[in-house]
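Chains, contacts and geometry: an overview
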Amino acid sequence: MYLKLTMRCALRSIKQYSIFMFTITMVMTLLYAFQSLMFSEQIIRLFGEHVDMLYAFLMVSILLVIVMTWLIGYISGFIIKNRSREFGIYLLSGIERKVIARMLVVEMFFMGFLSFIIGCFLGSFLSEVLRMLILQFFSKDFQFVFHFSIETIGATFLYFLFMWILTLWKERRTIMKVNIKELLYEENKNDPVVKHRFIKWMVLLIACICFFFGIIATKKGILDMLYGEGSPVLLIGVILLIISNYGFYYGMIALSDAFVNRQKKIKYSFGILPLYGHIKGRINGNRMVLATLSMLLIFTIMLSSFALKLYDSSNVQMDIICPYELQINATEPFKSDEIKTMLEKKGYQIQDDIFCLYSCADAKTNVDMIFTQDQAIYGTSFMKESDYQKLLKLKHKTAASIPSHGYILLVNEFDKKRAEEKGIQLSIKDEKMVPFQIRNDSIGQLYDDVVFVVKDEVLKDSQMLTCSYVADSDKSFPIGMEKEITKSMNLPLYASVNVRSDTQQASISSSVTIIFALFYLSFVFICIAATIMATQQMMDATRQKYEYELMHQLGMDKAEIYAILRKQIGIYFFVPMILPAVYIFPLLYIVNLLFLRIPGNYSIYTVAFGCMLLYMVIYLRYYMMAYIGCKRSLDLK
């Protein structure tokens, strides 16, 4: 008897809480797909020595399991409240508490296990899509192979058990402790009354002040962190922004009341007063939830924008940090003939050169003054014109000969513009040097280095800083060549070997890990936020069913009532987006500071706009599901 009742309730819950089922299924799909990547031998071989980066997926998965455990517990609490009268009637009918608790546990486990099965099936397809994207990152061929992995299913099932065992234990404990009166009259509880309007206005003012100073502190903290200066300012800025977020939603009722009370025509227009009453009650009763959802939306947009911008910039950075197939840097001269001979024996046609960077004790420059606004510590070095011309020839480029007492300045693209605007001054032995050209040629120097190219005789008595061997080949070196050269060649003690293919693999591995992990988090965050809002609206529609039926009996037709319902759900979905719309532009500006020197091909604002369009589609999907569910719940005759 109880089994049939439990299964009937489970099937009804699947229909009634389809949004919750949809989110759980999507999360299980993502968990399966990313666990599949961790167990894929092909992906492990691609990452090579950097396979440890794949464990970032494991850490993100664990974080998401913890977050999803909270979400499942949160939604199950809503379900218990929504069905409180049903459970109270069960108790009055003589059914024991432990039987009711067991029924609820079986019902919820059935819903979760169904999501797990569907998620594993969909995850097998998604894992192939992710594998295809990763192979494209590494420029490898892809072949679709549909298969189930026992290891992946086992790992995903462990996550599933962790989430549901904790949730079901909490549900059972709730049913066992609650009394019949609370169950029967839970639906009749009213929303809290708004009081202390003056305090709310003060909190709102404090929130605005915290936002202003939080943005300033966060910007300064990012710059300090970027240039290696330890500072607690960033943490202070983040805390102020979080306080401003929660403070805004605490004082929001006072702001909305002031607006509505001034707009009399809007306030007393048909259908607006009950709509505002519903929205006001929901906002006042769920301030902390709305503020938390707002934070999730901000994190979602910021994380995904940072991930895409990082990928865009990493492609540009590779040509800057690895301009040659091979570069060996040492602090003393070394024999390069052996390296060239070894490479030619392997069938490579090599074009190579050696250049040196020098210090110049007699030089005076205003480089530090030009770039002090970013507080950067620049490395300033000098190069002979003959070395520079040979490097340009290696890259099939040319440069005019430097005139007497002239110099060429080599800087990155960002600093090139600033140097042109402000002017770089250089004097050697108290003799002023004349700027000839400012170029952004990459010769393998560090990105923040400033290199002065001068006549050879100027550096005749200067001290050498580094000696570098560079080589290009008719074809790319295989991955692992860096380790082979390091082991087989007799290089100076502190020499560094950079092979483009190895550096590229390390860069792609780290970029893929960060990008996929951040998008993994972002997608789940947006689903969590939308699920909570949609579930709350469906619960409210059930509670407010009598009010809507009363309005229908008083003369409002179905179209008008459903229009109020659409507006109510739409406004409630919009409320958590208010602060993200305000915060996103100053926060994007701050994040963009990290990419000033390697801007990439796209602006971070363009990237963020693309991410917001993607998430808006997901958001609207949940809005439509919430509206359809609420409309079905009202069931007006």
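Look above for the structure.
**With respect to the overall build of the chain**
Looking only at helices and strands, one finds 24 helices and 10 strands in the chain. Per-residue burial over the chain gives 50% buried out of 637 residues. In the chain, of all internal contacts separated by at least 6 residues, the share reaching a separation of at least 24 is 86%. As displayed, the chain has an accessible area near 31,400 Å², and 63% of this comes from carbon and sulfur atoms.

**A few points about a nonpolar patch on the surface**
On the surface, a cluster of nonpolar side chains totalling about 870 Å² of accessible area is made up of Phe-109, Phe-113, Ile-117, Ile-118, Phe-121, Leu-122, Phe-125, Phe-144, Phe-146 and Phe-148. Here Phe-121 lies in helix α6 (residues 97–137).

**Remarks on the packing of α6 against helix α20 (residues 500–543)**
Remark: α6 packs on α20, axes separated minimally by 10 Å, with the N-to-C direction vectors making an angle of 150°. For the pair α6 and α20, the sense of crossing is right-handed. Facing Leu-130, Leu-133, Ile-134 and Phe-137 of α6, the residues of α20 in contact are Ile-508, Val-512 and Phe-516. When the residues that make up the contact of α6 with α20 are grouped by side-chain class, the tally is 7 nonpolar, no polar and no charged.

**Thoughts on helix α23 (residues 578–592)**
Taking 1.5 Å per residue as the helical rise, α23 with its 15 residues ought to reach 21 Å, and the 22 Å between its terminal C-alpha atoms agrees with that figure. Residue Ile-584 marks the point of greatest curvature in α23, where the axis turns by about 40°; the proline Pro-586 follows within four residues.

**Some details on the nonpolar core**
Of all hydrophobic cores here, the largest spans 129 residues; its most connected members are Phe-20, Ile-134, Trp-164 and Phe-573. It is α20 that contributes the most residues to this core, 21 residues altogether. Aside from chain neighbours lying at most four places away, what touches Phe-573 is Ala-530, Met-533, Ala-534, Tyr-619, Tyr-622, Tyr-623 and Ala-626. In this structure, Ile-339, Val-454, Ala-471 and Val-497 belong to the second largest nonpolar core, which totals 35 residues.

**Let's talk about unusual backbone geometry**
Although it is not a glycine, His-405 adopts a positive phi angle of roughly 60°. Locating His-405 in the fold gives a position in the loop between α17 (385–394) and β5 (406–410).

**Some points on a positive patch on the surface**
Taken together, Lys-558, Arg-566, Lys-567 and Lys-631 make up a surface patch of like positive charges. It is helix α22 (residues 558–574) that contributes the most residues to the positive patch, 3 residues altogether. Note on placement: Arg-566 falls in helix α22.

**So, the pattern of salt bridges**
Think of it this way: side chains of opposite charge can pair up when their charged atoms draw near. Under the definition given, this model contains 6 salt bridges. The shortest N-O distance in the salt bridge between Asp-352 and Lys-340 comes to 3.7 Å. Here the residue Asp-352 occupies a position in strand β2 (residues 350–359), and Lys-340 occupies one in helix α15 (residues 337–345), the gap between them amounting to 12 residues. The class of Lys-340 is partly exposed, set by a relative accessible area of 27%.

**A word on the side chain of Arg-439**
Note on placement: Arg-439 falls in strand β7 (residues 431–439). Only 3.4 Å separates the side chain of Arg-439 from the side chain of Gln-437, close enough to count as a polar contact. Here Arg-439 is in contact with Tyr-388, Leu-392, Thr-398, Ala-399, Ile-408, Leu-409, Leu-410, Val-411 and Lys-416, once residues within four sequence places are set aside.

**Brief notes about the packing of aromatic side chains**
For the coordinates displayed, the defined rule picks out 19 aromatic pairs. Between Phe-160 and Trp-164 the ring centres are 6.0 Å apart and the planes differ by 45°, which places this aromatic pair in the tilted class. On the criterion of helical spacing, the pair formed by Phe-160 and Trp-164 is a turn pair, its members being 4 residues apart in helix α7 (residues 150–177). Both residues of the pair, Phe-160 and Trp-164, belong to the buried class. Site record: aromatic cluster; members linked through ring pairs are Phe-20, Phe-109, Phe-113, Phe-116, Phe-157, Phe-160 and Trp-164. Positioned over the ring face of Tyr-348 is Lys-475, at 5.3 Å from the centre of the ring. The residue whose ring lies beneath Lys-631 is Tyr-562, and the NZ or CZ to ring-centre distance is 4.9 Å.

**Description of the packing of helix α2 (residues 18–39) against helix α4 (residues 55–82)**
Viewed as axis vectors pointing N to C, α2 and α4 meet at an angle of 165°, and their least axial separation amounts to 10 Å. Of the possible angle classes, the one that applies to α2 and α4 is roughly antiparallel. Note that α2 runs across α4; the crossing there is left-handed. Residue-level contacts link Phe-20, Thr-23, Ile-24, Val-27, Leu-31, Phe-34, Gln-35, Leu-37 and Met-38 of α2 to Tyr-55, Phe-57, Leu-58, Ser-61, Val-65, Met-68, Leu-71, Ile-72 and Ile-75 of α4. Along the lines of polarity and charge, the residues of the contact of α2 with α4 split into 15 nonpolar, 3 polar and no charged.

**Observations concerning the pairing of β7**
With 5 bridges joining them, β5 and β7 adopt parallel strand pairing. Along β7, the bridge assignment pairs Ile-408 with Gln-437. Judged from the 3 bridges that link them, strand β6 (residues 426–428) and β7 form a sheet pairing that is antiparallel. The residue bridging Ser-427 from the neighbouring strand is Lys-432, located in β7. Where β6 folds back onto β7 in an antiparallel hairpin, the turn is made up of 2 residues, including Lys-429, whose phi is positive at roughly 55°.

**A look at the side chain of Ser-115**
By the element assignment, Ser-115 lies in helix α6. You can call Ser-115 buried: its relative accessible area is 1%.

**Regarding α6**
Over its 41 residues, α6 extends 56 Å from the first C-alpha to the last, a length consistent with the 60 Å expected when each residue adds 1.5 Å. Gly-123 marks where α6 bends most, by close to 30°. A positive phi of about 60° marks Ser-139, the residue just after α6.

**Quick word on the environment of Asp-441**
Following the sequence through the fold, Asp-441 ends up in the loop between β7 and β8 (450–454). Aside from chain neighbours lying at most four places away, what touches Asp-441 is Tyr-388, Leu-392, Lys-397 and Leu-410.

Definitions and limits used
Residues numbered from 1 in each chain as written. Predicted model: local features only at pLDDT ≥ 70, side-chain atom pairs only at ≥ 80, totals over all residues. Heavy atoms only, no water. Helix = DSSP H or I, 4+ residues; strand = E, 2+ residues; numbered from the N terminus. Buried < 20%, exposed > 50% of the residue type's maximum accessible area, 1.4 Å probe, protein only. Contact = heavy atoms within 4.5 Å. Areas by Shrake-Rupley, 256 points an atom, 1.4 Å probe, with all protein chains shown as cover. Patch = residues over 30% accessible without salt bridge, like charges linked within 9 Å, V, L, I, M, F, W, Y side chains within 5 Å. Salt bridge = Lys/Arg side-chain N within 4 Å of Asp/Glu carboxyl O. Axes fitted to C-alpha atoms, helices over the stretch in contact; angles between N-to-C directions. Left-handed = near helix turned anticlockwise from the far one by under 90°. Nonpolar A, V, L, I, M, F, W, Y, C, P; charged D, E, K, R; others polar. Expected span 1.5 Å × (residues − 1). Bend = angle between axes of the 7 residues up to and from the residue. Core = buried A, V, L, I, M, F, W, Y, C linked by side-chain atoms within 4.5 Å. Lys, Arg positive; Asp, Glu negative; His and termini not counted. Charge placed at Lys NZ, Arg CZ, Asp CG, Glu CD. Polar contact = N/O pair within 3.5 Å; in protein donor to acceptor, adjacent residues only side chain to side chain. Phe/Tyr/Trp six-rings, centres within 6.5 Å; stacked < 30°, edge-to-face > 60°. Lys NZ or Arg CZ within 6 Å of the ring centre and 35° of its normal. Parallel < 35°, antiparallel > 145°, perpendicular 65-115°, else oblique. Pairing = 2+ DSSP bridges.

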